[in-house]
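Spelled out from the first residue to the last, the chains are:
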Amino acid sequence: MVKDLTNGNPLKLILMFSLPLILGNLFQQFYNMADTIIVGKCLGVSALASVGATGSLNFLIMGFATGTCSGLTIPVAQYFGAKDEDNVRRCVANSFYVVLALSVVLTALTMLLTRQILELMQTPADIIDGSYDYLIVIFGGMSVTLLYNLFSGILRALGDSKTPLYFLVIASLLNVALDLMFIRVFHTGVEGAAYATVISQGVAALLCLAYMIWKFPLLRIKGKDWEFSWGHIKKMLGIGIPMGLQFSITAVGSIILQSAVNSLGSSAVAAVSAGSKVQMLLTQPTETLGAAMATYCGQNLGAMKLDRIRVGVRQATWVSVGFSIAAFLLNVVAGKQISLLFLDAGEVQIIEDASRFLFMNGMFYPLLSLVTLYRNTIQGLGYAVPAMTAGIFELVGRAAVSFCLVGTFGYTAVCLANPVAWAAADLLLLPMYFVTLKRLPERLAR
């Protein structure tokens with residue numbers, strides 16, 4: 001069911017739209033958690049570190065791909081807000097061409113370069129083979145992941161945030177079953193967890209496509225809609241490529257940091273891996289509230305309702321900061337216990353290090369909440385390049401800590417790298433939001 005976000009109470013609409021997104025993202029994390037829990041418990045710390053060491057490289061490639069897909073759907077939200085159904089269909093049709101080209105290029109590059117990149121990252125010798133085996137399967141199935149992100153993004157652009165949630169629930173349950181089957185029954189090692197993830201994403205993509213064709217007359221593409229339109233592709237890529245690059249630039253900083261973590265040994269890799277998984281789980285409310293703002297702002301920009309944008313962003317800011325404080329408190333109370341999902345209770349030092357990572361990051365979650373909310377807001381308004389530039393600020397922050405502090409302060413510096421990156425991004429995003437608001441009336445008047 002499509003949902004118009006241009007009328008009604010802004011905060012209520014944002015929260016109602018965000019709720020399925022939060023649940024959906026939790027199930028998305030459940031994919032990753034299921035891999036990590038089953039790998040850690042069934043295959044041991046070395047296998048856990050193998051999967052954990054892939055996180056930043058995985059984010060570099062898949063972050064670019066999925067970020068680009070998200071950007072492709074922002075013009076869909078803008079045209080939908082403007083009630084321009086013909087251009088909605090033209091954008092949807094031409095987005096398939098972009099995703100097809102993106103899948104071919106990225107799959108070819110990752111098949112050729114993954115091993116070399118892992119070596120450049122100083123991945124420890126005892127885990128590099130497992131890391132490579134895991135990534136090569138994930139990257140080989142990239143096309144189905146991109147299609148799921150495109151289809152779910154299109155549904156969200158039309159205000160339907162519930163349906164992707166339902167399909168993710170199905171896919172998540174399937175993922176757990178396949179994890180256990182591949183690892184416990186077929187003894188496939190860490191690559192079995194990757195097979196489970198790819199197959200589950202493929203099922204979710206097919207379900208989304210079938211639902212779109214069945215339930216949305218607006219999305220039933222006609223013959224002329226399939227005509228190649230450079231104008232539509234240029235508009236979508238003008239937002240999508242900077243959004244993808246923003247994720248990749250951020251990921252480069254994560255790769256630099258991961259290399260610094262790798263230099264501290266497999267135990268440090270396992271601790272950061274477990275802590276990061278818990279952190280991704282606890283920060284989902286702020287992450288998804290930010291993601292909702294891209295659709296909210298896109299639709300209201302299309303409807304030329306700038307006052308609603310200002311009100312919605314202001315109200316969402318307070319709610320997002322509140323969520324981030326609650327996440328930190330949950331870290332303090334239960335962070336160590338949640339870490340036990342991924343680690344054996346006998347790994348005392350690794351559990352302590354994971355808990356320290358969570359506590360030191362958690363104190364700065366309000367900074368993270370501002371990054372996600374204002375970045376997505378600016379992207380929803382069609383200004384993707386400033387959001388990409390904020391990713392450069394994050395890169396500089398993480399690189400500075402990795403190169404200048406980890407050698408001296410070790411694991412403590414690793415725990416401070418994310419907060420430094422978040423603060424650096426906020427230095428650009430907050431003033432840029434107000435600059436963007438001032439420019440919008442002039443842009444809309446053209």
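Source: prediction; values computed, not measured.

(A) Inspection of the environment of Gln284 at higher detail. Among the secondary structure elements, Gln284 is positioned in helix H11 (residues 284–302). With a relative accessible area of 5%, Gln284 lands in the buried category. For the pair Gln284 and Val311, spaced 27 residues apart in sequence, the C-alpha separation works out to 23 Å.

(B) Geometry of the nonpolar core. Grouped together as the largest cluster of nonpolar side chains are 60 residues, with contacts concentrated most on Leu57, Val88, Phe139, Leu158 and Leu219. Apart from the residues lying within four places of it in its own chain, the contact partners of Leu57 are Thr114, Ile117, Leu118, Met121, Leu135, Phe139 and Ile255. Core analysis: the second largest hydrophobic core is formed by 40 residues, Ile14, Ile309, Val313 and Ala425 among them.

(C) Spotlight on helix H10 (residues 266–282). The first and last C-alpha atoms of H10 sit 24 Å apart over 17 residues, in line with the 24 Å expected at 1.5 Å per residue. The element H10 is extensively covered by neighbouring structure, given that 13 of its 17 residues are classed as buried.

(D) Summary view of the packing of helix H3 (residues 55–81) against H11. With their axes 6 Å apart at the nearest point, H3 and H11 run at an angle of 45° to one another. One way to sum up the angle between H3 and H11 is to call them oblique. Here H3 runs over H11; the crossing is right-handed. Between H3, through Ala77, Gln78, Phe80 and Gly81, and H11, the contact on the second element is made entirely by Thr295, Gly298, Gln299, Leu301 and Gly302. Here the contact of H3 with H11 is composed, by residue class, of three nonpolar, six polar and no charged.

(E) Representation of the packing of aromatic side chains in the model. All told, the structure shown has 12 aromatic pairs when counted by the stated rule. A ring pair is formed by Phe167 and Tyr211, whose centres lie 6.0 Å apart and whose planes are at 75°; its orientation type is edge-to-face. Placement of Phe167 in helix H7 (residues 163–185) and of Tyr211 in helix H8 (residues 190–215) is noted, with a sequence separation of 44 residues between them. Following the ring pairs from residue to residue traces out a cluster consisting of Phe96, Tyr97, Phe151, Trp226 and Phe228. Stacked on the ring of Tyr132, the Lys or Arg Arg115 has its end atom at 5.6 Å from the ring centre. Residue placement shows Lys215 over the ring face of Trp214; its charged tip is 4.6 Å from the ring centre.

(F) Representation of helix H14 (residues 365–380) in the model. Between the first and last C-alpha of H14 there are 23 Å, a value that for 16 residues agrees with the 22 Å anticipated at 1.5 Å per step. Summarising burial for H14: 14 of the 16 residues are buried, a large majority.

(G) Fine view of a nonpolar patch on the surface. Together, Val332, Val333, Phe359, Met363, Phe364, Leu416 and Val420 make up a nonpolar patch on the protein surface, roughly 590 Å² of accessible area in all. Put simply, the parts of the chain that give the nonpolar patch at least two residues each are helix H12 (306–339) and helix H17 (411–445).

(H) Molecular detail of the environment of Gln299. If you trace the backbone, Gln299 turns up in helix H11. Classification of Gln299 by relative accessible area gives buried; the value is 0%. Polar side-chain contacts of Gln299 include one of 3.1 Å to the backbone oxygen of Ala157.

(I) Just the packing of H12 against H14, in detail. At a closest axis distance of 8 Å, the pairing of H12 and H14 adopts a crossing angle of 145°. Here H12 runs over H14; the crossing is right-handed. Residues Val313, Ala316, Thr317, Ser320, Val321, Ser324, Ile325, Ala327, Phe328 and Asn331 of H12 lie in contact with H14, whose contacting residues are Tyr365, Pro366, Ser369, Leu370, Leu373, Tyr374 and Thr377. Of the residues belonging to the contact of H12 with H14, the class tally is 11 nonpolar, six polar and no charged.

(J) Highlighting the pattern of salt bridges. In total, this model carries eight salt bridges according to the counting rule given. When the shortest N-O distance is used, the salt bridge between Glu119 and Arg115 registers 3.7 Å. Pair noted here: Glu119 and Arg115 are both in helix H4 (residues 85–120), with a separation of four residues, about one helical turn. With relative accessibility at 27%, the residue Arg115 sits in the partly exposed group. Asp129 is the salt-bridge partner of Arg115, the closest N and O atoms lying 2.9 Å from each other. Residue Arg115 is found in helix H4, and its partner Asp129 is found in helix H5 (residues 128–140); the two are separated by 14 residues along the sequence.

(K) Quick peek at the environment of Leu23. As for its placement among the helices and strands, Leu23 is situated in helix H1 (residues 10–43). Leu23 sits 145 residues away from Leu168 along the chain, and the two C-alpha atoms are 9.3 Å apart.

(L) Up close: unusual backbone geometry. Backbone geometry places His187, a non-glycine residue, at a positive phi of 55°. In this fold, His187 is placed in the loop between H7 and H8. One non-glycine residue, Met304, lies in the positive phi region at around 60°. Relative to the assigned elements, Met304 resides in the loop between H11 and H12. Judged by its relative accessible area of 53%, Met304 is exposed.

Criteria and thresholds
Residues numbered from 1 in each chain as written. Predicted model: local features only at pLDDT ≥ 70, side-chain atom pairs only at ≥ 80, totals over all residues. Heavy atoms only, no water. Helix = DSSP H or I, 4+ residues; strand = E, 2+ residues; numbered from the N terminus. Buried < 20%, exposed > 50% of the residue type's maximum accessible area, 1.4 Å probe, protein only. Core = buried A, V, L, I, M, F, W, Y, C linked by side-chain atoms within 4.5 Å. Contact = heavy atoms within 4.5 Å. Expected span 1.5 Å × (residues − 1). Axes fitted to C-alpha atoms, helices over the stretch in contact; angles between N-to-C directions. Parallel < 35°, antiparallel > 145°, perpendicular 65-115°, else oblique. Left-handed = near helix turned anticlockwise from the far one by under 90°. Nonpolar A, V, L, I, M, F, W, Y, C, P; charged D, E, K, R; others polar. Phe/Tyr/Trp six-rings, centres within 6.5 Å; stacked < 30°, edge-to-face > 60°. Lys NZ or Arg CZ within 6 Å of the ring centre and 35° of its normal. Patch = residues over 30% accessible without salt bridge, like charges linked within 9 Å, V, L, I, M, F, W, Y side chains within 5 Å. Areas by Shrake-Rupley, 256 points an atom, 1.4 Å probe, with all protein chains shown as cover. Salt bridge = Lys/Arg side-chain N within 4 Å of Asp/Glu carboxyl O. Polar contact = N/O pair within 3.5 Å; in protein donor to acceptor, adjacent residues only side chain to side chain.

Shape descriptors only; they carry no functional weight alone.
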